[in-house]
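Inside the fold
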Amino acid sequence: MARVLSGVQSTGVPHLGNYLGAFRSWVSDQDRDDAFFFIADLHAMTVEYDPAELAPSTFEQALGLLAAGLDPARCTLFAQSHVPEHPRLAWIIECTITYGELRRMTQFKDKAGGQETVRAGLLTYPALMAADVLLYDADRVPVGDDQRQHLELTRDAAVRFNNRYGQTFVVPEAAVPAYGARVMDLQEPTRKMSKSDSSPLGTVLMLDPPEEIDRKVRKAVTDTETEVRYDPPTKPGVSNLLEVLAAATGDKPETLAAGYRDYGSLKKAVSESLVEMLAPVRERAERLRRDPGEVTEALAIGAQKARAVAGPTLERAMRAAGLLPPAGGFAR
Ligand code: TRP
């Protein structure tokens, strides 16, 4: 069975882009593969954040993932900070890759914007991400385009470590999520739907009540024509709605376009299919909110299962790197 692993940052509340682009496909991965998913709360510390919000958002993200359908009995779901092997292996990786490689990462350049005052962790972010992956001997890592360069560096780190210190890590493949859909902001359909950069009206949250979903879809930006046609370059708004509908129904956007005569009926269909698709997710979320202990318990089980895999890998890596093993081994 292949091992698949992916992570999501803990800031913000999950939205439709997370659900259609990642979570939904993770849910199907858990039945096919040996699946590991985690909330990257340590990565959330690489930029300015409110410490009062970090724990609640990690909890919220875990609740969202369980509501989306991840099942602690069928996958390993955990919080990154609950598995101390991650930052420990990250140090070893920092001593495997170079300053030049880190400095050239596009995400770093974008987020740092040339400022000296950015956190050092923003620079070393990809080393922690490589540790996240390599600790679990992951074969396949489903990520969006913005994370591909980090995955490439993870592969380089694994190969380099193996060459320098002997075979230790599995070299992972970046993978496109099984049913990944790229969802654009409903108000600004040329940019990706995201919790940080988007207008509240442009972002459908995974747990929005039906009225909210309907309101946001109806206010979605279209264009001055009236014809429903799938043509992303000239009709980004309408095409995005068709893609969302396609992702929710399993049809093709081009085929769907033929079935609607005006924007109003398309929007109605999009809103109805989203409400229907997300209803069970909302129901599970409400149940979990009444019983938050279930979320805490799921994370505890996940951390335990994760450590059982991560511990031996860390042990192997620290020995290979030549460190003196303490009595009883490194990974305790
Ligand atoms: N950096 C990823 C993101 O921002 C989240 C992440 C952290 C991740 N560690 C990972 C994804 C390891 C895949 C594998 O989306």
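As the structure is a prediction and not an experimental result, all values here were calculated from the model.

Some words on unusual backbone geometry
Of note in this structure, D137 is not a glycine but carries a positive phi near 50°. Take D137: it is sitting in the loop between α6 (120-134) and β4 (140-142).

A closer look at the environment of R332
Along the chain, R332 turns up in the segment after α12 (293-320). With relative accessibility at 66%, the residue R332 sits in the exposed group. In contact with R332, not counting residues within four places along its chain, are R307 and A327.

Thoughts on the packing of aromatic side chains
Summed over all chains, the structure comprises seven aromatic pairs. Ring geometry for F161 and F169: centres 4.9 Å apart, planes at 55°, overall tilted. Both residues of the pair, F161 and F169, belong to the buried class. Joined through ring pairs, the aromatic side chains of F36, F38, F78 and Y136 make up one cluster.

Concerning the pattern of salt bridges
Under the counting rule described, the total for this entry stands at 28 salt bridges. Of the charged contacts in the structure, one is a salt bridge between R32 and D29, with a shortest N-O distance of 2.7 Å. A residue pair is termed a helical-turn pair when its members lie 3 or 4 positions apart in one helix, as R32 and D29 do in helix α1 (residues 16-32) at three residues. Assessed through its relative accessible area of 1%, D29 is described here as buried. What you see here is one network of salt bridges that share partners, running through D223, E225, E227, R229, D231 and K235.

Quick look at the site of the ligand
Around the ligand, a shell composed of 14 residues is seen, among which F38, H43, Y125, D132 and Q147 lie nearest. Here Y125 contributes a side-chain N or O atom positioned 2.7 Å from a nitrogen atom of the ligand. Starting from 370 Å² of accessible surface for the ligand in isolation, the protein chains cover 89%. A per-class count over the shell around the ligand returns eight nonpolar, five polar and one charged.

Quick notes on the packing of helix α2 (residues 51-68) against helix α11 (residues 263-290)
Contact geometry of α2 with α11 gives a least axis separation of 8 Å together with a crossing angle of 130°. The pairing of α2 with α11 is recorded here as oblique in orientation. Remark: the crossing between α2 and α11 carries right-handed chirality. Between α2 and α11, the residues in contact are E60, L63, L66, A67 and A68 and V281, R284, A285, L288 and R289, respectively.

Remarks on the packing of helix α3 (residues 85-94) against α6
Interaxial distance between α3 and α6 falls to 8 Å at its minimum, and their mutual angle equals 120°. On the basis of the axis angle, α3 is oblique to α6. Of the two elements, α3 crosses α6, and the hand of that crossing is right-handed. Contact residues: H86, P87, L89, A90, I93 and E94 in α3; T124, A127, L128, A130, A131, D132 and L134 in α6. Split by residue class, the contact of α3 with α6 holds nine nonpolar, two polar and two charged.

Reading the values: rules and limits
Residues numbered from 1 in each chain as written. Predicted model: local features only at pLDDT ≥ 70, side-chain atom pairs only at ≥ 80, totals over all residues. Heavy atoms only, no water. Helix = DSSP H or I, 4+ residues; strand = E, 2+ residues; numbered from the N terminus. Buried < 20%, exposed > 50% of the residue type's maximum accessible area, 1.4 Å probe, protein only. Contact = heavy atoms within 4.5 Å. Phe/Tyr/Trp six-rings, centres within 6.5 Å; stacked < 30°, edge-to-face > 60°. Salt bridge = Lys/Arg side-chain N within 4 Å of Asp/Glu carboxyl O. Near = heavy atom within 4 Å. Polar contact = N/O pair within 3.5 Å; in protein donor to acceptor, adjacent residues only side chain to side chain. Areas by Shrake-Rupley, 256 points an atom, 1.4 Å probe, with all protein chains shown as cover. Nonpolar A, V, L, I, M, F, W, Y, C, P; charged D, E, K, R; others polar. Axes fitted to C-alpha atoms, helices over the stretch in contact; angles between N-to-C directions. Parallel < 35°, antiparallel > 145°, perpendicular 65-115°, else oblique. Left-handed = near helix turned anticlockwise from the far one by under 90°.

Honestly, it's all geometry; don't read function into it.
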